[in-house]
Structure formats: structure tokens, C-alpha cells
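# Residue-level structure breakdown
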Amino acid sequence: MNDENKKPEDQEIASDITEETPVSEQTEQEDQTPETAESTEAAEAVEGNQEISFEGEAVGTEPEVKTNKQIKLIAIIAVAAVVVIAAVVAFIIFGKSLFNPYTKDYIDVTGTTVGEIADQQGMEFADFLEMYDLPSDMPASTSENAAYYNIPAAKFAEMSGVDFNALKEMLGLTDDSSITEETTIGDVFDKTTVGSRVGEEQLDSFKAEYGLDESVTADTPWVEVRNKVDQKMKEQNEAAKNPVKETDEPEDEAEGAADTEEVTEATDAENAAAETEE
């Protein structure tokens, strides 16, 4: 087709293409192969600090390197986890012995456990607990004194040969409605006074025996002197188990002095005989 026969609009389009796209650039773009285009794209990406993904993995980025601080932190967390696990296991295994809820602040007076008492009586430990209405989960390592204080008030009254109400009256606690048959005798005693426990007429001798000072009166709450009394009883029990041996030193010294005197007399006699012979 001759240029003369071209439509005016076609001539304008051709003119625009010629002006906007240089011939050299057109040729370069046409000659560029797919491989060349890919390399060019990669180079541009690197220059632009872009990441190129290949099957989900980042290409062209430095691998993350853990610092010493990060490693130490991981080690500390691991050690802490081990400690926590060990503590939980220890609590499960030894929890009842280490955190015995029945010992409270009671002093171990005799050094004997309820498990040992049950063995001495030839009883199964569970049967022993049941006999005294003690908690079924009480550890065998509970001290005898702590177990005594955990006996229910009603059971203690039965063991004392009286009923529960009579026990409350004896202890001056008739009007205390907070005390029930299930209240432990230890908690019951803690609500009493020294006078109601030992009698006012015996107060002075009681104070002297257990080393209580003059500040203690008949109206002093028993809970304030309980551990002082139990500590004194503990010391008395230990003294009874380990009596102090009487020393034989004076007698030995006397015997030694007598032997020395005899030797001296014998020596003097021998010397006198020798002088006579001369």
C-alpha cells in the first residue's frame, strides 16, 4: 500500500511510534531472550536490595546467626524449666511430708511418729488413724504430739470418759458455739486459759515446773504458753532418755593420792635402811 493511500489516522499512529521508541531500543528488546531477561531482573533485584523467592526460600539474604546473649538466654530458660519440673515432681512425691498441714507449729515432744506408734502396737497405719478418728491422709511421719492435738474433741472426750458437752464445761467453753465435735482438741485447748487447764490453786507450782515468769496468770490464754510448756516437756523427755552419768573423778583422785603417799613412804623407808647399813 502506498503512503498516499494511507488514512490520516494511520499516518499519525506511525509517527507516534517512531517518535516514542527509538529503533535501537526496539531491537534490543526484541533480541532479549528469556534467560537474559531473568538475569536482568535478578540484577535489578539485587541492586534494589529485594528478596527473590525460590520455592518458598529467600534468596540473596544473610542467614540469621544467634548471638551469645541469645544462646545464654535459651540456656537459662532450659535450666529454669528443669528446676520447675523437678520441684513439681518433688512436691508430688514428698509434698505431704514436707508440707504436713497437721503439724502447724506444734513441738515434737517425744521424738516419736504416729507411724512408729502404729508399728509398736502391731497395727496397720490406716487402722490406727481410724481408731483415733484422725485424718486418713495424715502422713506417718507426723509427730506423736501433733497427732494428739489433731484428735477431734468428741473423740478426746470419749477417751477421757466424759461426753462432749461435759468436756466443754470442764474447760470453761460452754458458751463457745464455734467449738464442735469435729474441732481438734488442739484448737479447743488454744481457746482456754491457763487457769482452766491447770487450776488456779496449782498455778504457782505449774509456773515453777515449766519455767513460766510472773507475767503468766490464770487468765493468760493457753495458746501463749503452750509451746513453752511443750518445749520444757521435750527437754525433760530428752534428759530421761540420756541421763547424765555421775562422775567418778573425786574417787579416782583420792585413790591416786593414796597410792602416791604409799610410794613415798616406801621410798623413805628404803633410804633409811640404806643409811643404817652404812
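If you're wondering where the values come from, they're calculated on a predicted model, not measured in any experiment.

### With respect to the side chain of aspartate 190
- Relative to the assigned elements, aspartate 190 resides in helix α10 (residues 185–190).
- Assessed through its relative accessible area of 17%, aspartate 190 is described here as buried.
- Ignoring any residue separated from it by four or fewer positions in sequence, one finds aspartate 190 in contact with Trp222, Val223 and Arg226.

### Observations concerning the side chain of lysine 207
- If you trace the backbone, lysine 207 turns up in helix α12 (residues 203–209).
- Within the local environment of lysine 207, its side chain forms a polar contact with the backbone oxygen of valine 216, the two atoms lying 2.9 Å apart.

### Let's talk about helix α13 (residues 226–241)
- A rise of 1.5 Å per residue sets the reference length of α13, with its 16 residues, at 22 Å; its end C-alpha atoms lie 23 Å apart and thus fit the reference within 8%.
- Among the residues of α13, those classed as buried are Arg226, Val229 and Asp230. Looking straight down α13, one finds its buried side chains confined to an arc of 95 degrees; they lie on one side.
- Structurally, α13 contributes buried residues whose contacts are with α7 (144–149), α10 and α12.

### Quick notes on the packing of aromatic side chains
- In the structure shown here, the tally under the stated rule is 7 aromatic pairs.
- Arranged with centres 5.9 Å apart and planes meeting at 75 degrees, the rings of tyrosine 148 and phenylalanine 156 form a pair that is edge-to-face.
- The class for phenylalanine 156 is buried, based on a relative accessible area of 13%.
- Taken together, the aromatic side chains of Tyr106, Tyr148, Tyr149, Phe156 and Phe189 make up a single cluster linked through ring pairs.
- Between the NZ or CZ atom of arginine 197 and the centre of the ring of phenylalanine 189, over which it lies, the distance is 3.9 Å.

### Focus: unusual backbone geometry
- Positive phi is not limited to glycine here, since lysine 104 has a value of about 45 degrees.
- Mapped onto the elements, lysine 104 comes out in the loop between α4 (68–98) and α5 (114–120).
- The backbone of aspartate 133 shows a phi angle near 55 degrees, a positive value even though the residue is not glycine.
- On the secondary structure map, aspartate 133 appears in the loop between α6 (125–131) and α7.

### Concerning the pattern of salt bridges
- Counted under the stated rule, the structure contains 5 salt bridges.
- Linking lysine 104 and aspartate 187 is a salt bridge whose minimum nitrogen-to-oxygen distance equals 2.9 Å. Here lysine 104, found in the loop between α4 and α5, pairs with aspartate 187, found in helix α10; they are 83 residues apart in sequence, far enough to count as distant.
- With its nearest N and O atoms 3.0 Å apart, the salt bridge here joins arginine 226 to aspartate 190. Taken together, the positions of arginine 226 in helix α13 and aspartate 190 in helix α10 put the pair 36 residues apart, joining distant regions of the chain.
- Shared partners join several salt bridges into a network, and the residues in it are Asp105, Asp190 and Arg226.

### A closer look at the confidence of the model for the protein chain
- Per-residue confidence for the protein chain gives a mean pLDDT of 76; residues scoring 70 or more make up 60%.
- Counting contacts from residues 17–21, a segment whose pLDDT is below 50, to residues more than four positions away or on other chains yields 2 contacts.
- Within the model, the stretch residues 23–30 combines pLDDT values under 50 with 2 contacts to residues more than four positions away or in other chains.

What counts, and where the lines are drawn
Residues numbered from 1 in each chain as written. Predicted model: local features only at pLDDT ≥ 70, side-chain atom pairs only at ≥ 80, totals over all residues. Heavy atoms only, no water. Helix = DSSP H or I, 4+ residues; strand = E, 2+ residues; numbered from the N terminus. Buried < 20%, exposed > 50% of the residue type's maximum accessible area, 1.4 Å probe, protein only. Contact = heavy atoms within 4.5 Å. Polar contact = N/O pair within 3.5 Å; in protein donor to acceptor, adjacent residues only side chain to side chain. Expected span 1.5 Å × (residues − 1). Arc of directions from axis to C-beta. Phe/Tyr/Trp six-rings, centres within 6.5 Å; stacked < 30°, edge-to-face > 60°. Lys NZ or Arg CZ within 6 Å of the ring centre and 35° of its normal. Salt bridge = Lys/Arg side-chain N within 4 Å of Asp/Glu carboxyl O. pLDDT = per-residue confidence, 0-100.

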